[in-house]
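Descriptive analysis of the structure
Listed below, chain by chain, are the residues.
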Amino acid sequence: MIHLRLFRLLGSRPRAIVVTATLAAIGVLLGATFVAQALLMAQVFGGIVGAWGRDPADLGARVAPWLAGLLAVLVARPTLVALRELAAARLMTRVKLTLRADLAEALVRRSAADVRGRTGADHALVVDGVENLDPYLSRYLPQQVTVLVTCLVVGAVLIAVDPLVGVVTVAAVLVLPLLPRLWDRALAARGADHWDAYGRMHAEFLDSMTGMTTLVLAGADARRQETLEGASRSLLDRTLGQLRLSLVESGLSAFALSAVPVVALAAALGRGLAPTVVFALVMLSTELVRPLRDLANHWHAGYAGTYSGRQILDVLDAASPHGCWTPGAARLDTLSRPPRACARIDGVGLTLTYPGGDAAALSEVDLRLTSGMNAVVGISGSGKSTLAAILSGLLVPQEGTVLVDGAPVSAADLLSLVATVPQDPALFAGTVADNIALGDASSDSQAHLASGDVSADDAAGDDDVSVCARLAGIGTDDPTFDLHTQAGERGGLLSGGQRQRVAIARALRQDRPVLVLDEATSALDLRSEAALVARLATHRSDRIVLVVTHRLGSLGGSDRVHVLADGRLVESGLAADLRRADGGFARLAGVTEVPA
Ligand code: ADP
Ligand code: MG
């Protein structure tokens, strides 16, 4: 079965053609060594039969040249195999690297817009899904070309040697292997089922591991265990079902293919052909079958790749701006050096509906952010995080534009212009310093994180890191943790407020002209929150700071505030003015603040 769509996974079309043709050509040469071996063996057998009962020296003289030829073939074949293995490994290393990089990029984009995907299944796709493609792309695809060429040539030679036997054998080869091809569709469907079960089990497992504490606290661990057992059983059933079908098909294929030389022999016998010719016909018919048998083997090794390949392309195409993925083009091409400062950011007509959502999460929002403190407020679900994600370049609105100093910018530009602390920032195992220096490729602490060596001495010596840490209140407001403190996996060794301080220090360390904090201080007490936000606003006066919050008490009177309700902007102005007016802000104060 040929899946033209999957051909794209090999790269650009000319490249894919060259690569497949090269591998196929090596396959054809390998086939040629088998054919040469068959013909030489036929000569050797013919020689032995011809010299039977005569002088052994005569026999030696007859077969010696053919034996020398056989020796040459036996040297040539491993060389060609080594060549093919090298070529396939090099090709697939490149293909898999590009695919995994593009996939990771595409999944990052998707996760910002649509969180319905499951991390475990995504992980399985990036790791095993890409791996499954290897046998399909580097074996099965080229083997199809090899089969075509080899069978045409060997068939022609067979017909030339003896037209009757040739035609009968070629006809048998055309009919017999067609039978199991009917299984291909069923096998591909089982492969899809199997892959789905595999992804599901991964997803359930990862989900359970991540939420183990919650599961135990909720008394849900036993039920969860049943879910996991169910997922494992389903995977086992599917694996066994697939193996059964695969085995039956292999058996039938092997039987049909080994019948071909028998057919050739039956057609050749009783027609007074010379022994050498009969040998040659039988051996050639075996060679006619060999590439087909290899094709069947490669199909069994590679059909799982047809399904994961389609899934990979679906993810890549959906994330591509043109709806059609080209290798390497999915990179988030951010500005190499973001501008040092910008004076204002305008959102014009920002409208976004999430995939699968029935109502717009944000509708025609116009707002302006200027240097200093800006705030977006609103009740939960009013669209604050959606707006923050658009302004950070994480989400692309369906309508509307973001302007920086009057010029429209892309989401990729925003990503490099804005330092963002999301509502649920991720922390990684390592020290607080390691986590703050996360985005710094040259940082020593990066190497520590990668190597698992988490001594913080080098990183803690980094001025930049300690300045940003102090600004975020690390080692000052809260004496219980400093740069050397271990954060633990997902920041599990820190309190909620400590995690937020680390995330803020990390964003400050990026030193971008715009800072967006999405409820990034929600776990701090009101006084610490106010002090921290005030420090951020005065630390760099030219910086645009956007604070998303539903705690109006933390806002200063001179902060410029935008009020969201149901995805629409209902009010904008200075906090002090809005407090006095009887508008959305005052109503919000009524629902979010406990009356004194
Ligand atoms: P807020 O931050 O003000 O609480 P959000 O911007 O997070 O609000 O959400 C606005 C609306 O969009 C909500 O109704 C929410 O359910 C929905 N929403 C948020 N994120 C997603 C998402 N990734 N996929 C689908 N719907 C979402
Ligand atoms: Mg939110």
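See the structure above.
Each chain carries its own residue numbering, running from 1 in the written order of its sequence. To label them, take the chains in the order written and letter them from A, then take the ligands in the order written and number them from 1. Two thresholds apply to this predicted model, a pLDDT of at least 70 for residue-level local features and 80 or more for giving and counting side-chain atom pairs, whereas whole-chain, interface and lining totals are computed over all residues. Side-chain descriptors were evaluated using all non-hydrogen atoms of the structure, hydrogens and water having been removed beforehand.

**Quick notes on the overall build of the protein**
Helices and strands together make up the secondary structure of the protein, namely 19 helices and 10 strands. Throughout, exposure labels follow a simple rule: accessible area from a 1.4 Å probe, protein chains only, divided by the maximum for the residue type, with under 20% read as buried, over 50% as exposed, and the rest as partly exposed. Relative to its full complement of 596 residues, the protein shows a buried share of 44%. Residues are treated as being in contact if the distance between any of their heavy atoms lies within 4.5 Å. Of all intrachain contacts in the protein linking residues separated by at least 6 positions in sequence, the fraction that spans at least 24 positions is 75%. Residue-level accessible areas treat just the shown protein chains as cover; the underlying method is Shrake-Rupley with a 1.4 Å probe. When the accessible area of the protein is evaluated, it comes to approximately 28,600 Å², of which 62% is carbon and sulfur surface. The way it works is that DSSP assigns letters per residue, a run of H or I at least four long becomes a helix, a run of E at least two long becomes a strand, and they are numbered from the N terminus.

**Topic: the coordination of the magnesium ion (ligand 2)**
Tetrahedral coordination by four donors places them ideally at 109.5 degrees to one another around the metal; octahedral coordination by six donors ideally gives 90 or 180 degrees. With distances of 2.0 to 2.5 Å, the protein atoms coordinating the magnesium ion (ligand 2) are Ser385 (OG) and Gln423 (OE1). With a gap of 38 residues between them, Ser385 in helix H10 (residues 384-392) and Gln423 in the loop between strand S6 (418-421) and helix H12 (432-436) connect regions that are remote in the sequence. For Ser385, a relative accessible area of 27% gives the class partly exposed. Only N, O and S atoms count as donors, using a 2.8 Å cut-off from the metal and 3.2 Å for Na, K and Ca, and because water is excluded some sites may appear unfinished.

**Structural notes on the sheet that holds strand S2 (residues 362-370)**
The criterion for strand pairing is that DSSP finds at least two bridges linking the strands in question. If you walk across this open sheet you meet the 4 strands as S2-S1-S4-S5, and the pairing is antiparallel. For this open sheet the edge positions go to S2 and strand S5 (407-409), each flanked by a neighbour on one side alone. On average, each strand axis in the sheet is tilted by 25° relative to the strand beside it, whichever way the strands run. A fitted line through C-alpha atoms represents every axis, and for helices the fit uses only the stretch in contact; the resulting angles, taken between N-to-C directions, go from 0 to 180 degrees.

**Some thoughts on the sheet that holds strand S8 (residues 544-549)**
The strands making up a sheet associate through backbone hydrogen bonding, with each pair oriented either parallel or antiparallel. Spatially, the 6 strands line up as an open sheet ordered S6-S7-S8-S3-S9-S10, and their pairing is mixed. The sheet terminates laterally at S6 and strand S10 (568-574), the two strands that pair on one side only. When strand polarity is set aside, the average angle formed by the axes of neighbouring strands in this sheet is 15°. Pairing of strand S3 (residues 372-377) with strand S9 (residues 560-565), which is carried by 4 bridges, proceeds in the parallel orientation. Within S9, the position partnered with Asn374 by the bridge is Arg560. In this fold helix H16 (residues 496-509) packs onto S6 and strand S7 (514-518), with an angle of close to 175° to the strand it touches most, S6.

**A look at H10**
With 8 of its 9 residues buried, H10 lies for the most part within the structure. Backbone geometry just after H10 places Gly393 at a positive phi near 90°.

**Quick notes on the packing of helix H5 (residues 163-175) against helix H8 (residues 221-268)**
Across the interface, H5 lies against H8 with an axial gap of 9 Å and an inter-helix angle of 155°. In terms of their interaxial angle, H5 and H8 are classed as roughly antiparallel. Read as a crossing pair, H5 and H8 show a hand that is right-handed. Where H5 approaches H8, its residues Leu164, Val165, Val168, Thr169, Ala172 and Val173 are matched on the opposing element by Val260, Val263, Ala264, Ala267 and Ala268. Classifying every residue of the contact of H5 with H8 by side-chain character gives 10 nonpolar, 1 polar and no charged. To sort the angles, those under 35 degrees are grouped as roughly parallel, those over 145 as roughly antiparallel, those from 65 to 115 as roughly perpendicular, and the leftovers as oblique. Here a crossing is taken to be left-handed if its near helix is turned anticlockwise relative to the far helix by less than a right angle, and right-handed if that turn runs clockwise. Ten residues, namely Ala, Val, Leu, Ile, Met, Phe, Trp, Tyr, Cys and Pro, are considered nonpolar, four, namely Asp, Glu, Lys and Arg, are considered charged, and the remaining ones, Gly among them, are considered polar.

**Looking at unusual backbone geometry**
Of note, the phi angle at Arg490 is positive, near 50°, even though the residue is not glycine. Positionally, Arg490 belongs in the loop between helix H15 (463-471) and H16. Look at Arg490 and you get partly exposed, because its relative accessible area is 47%. Phi is positive for Asp566, which is not a glycine, with a value near 50°.

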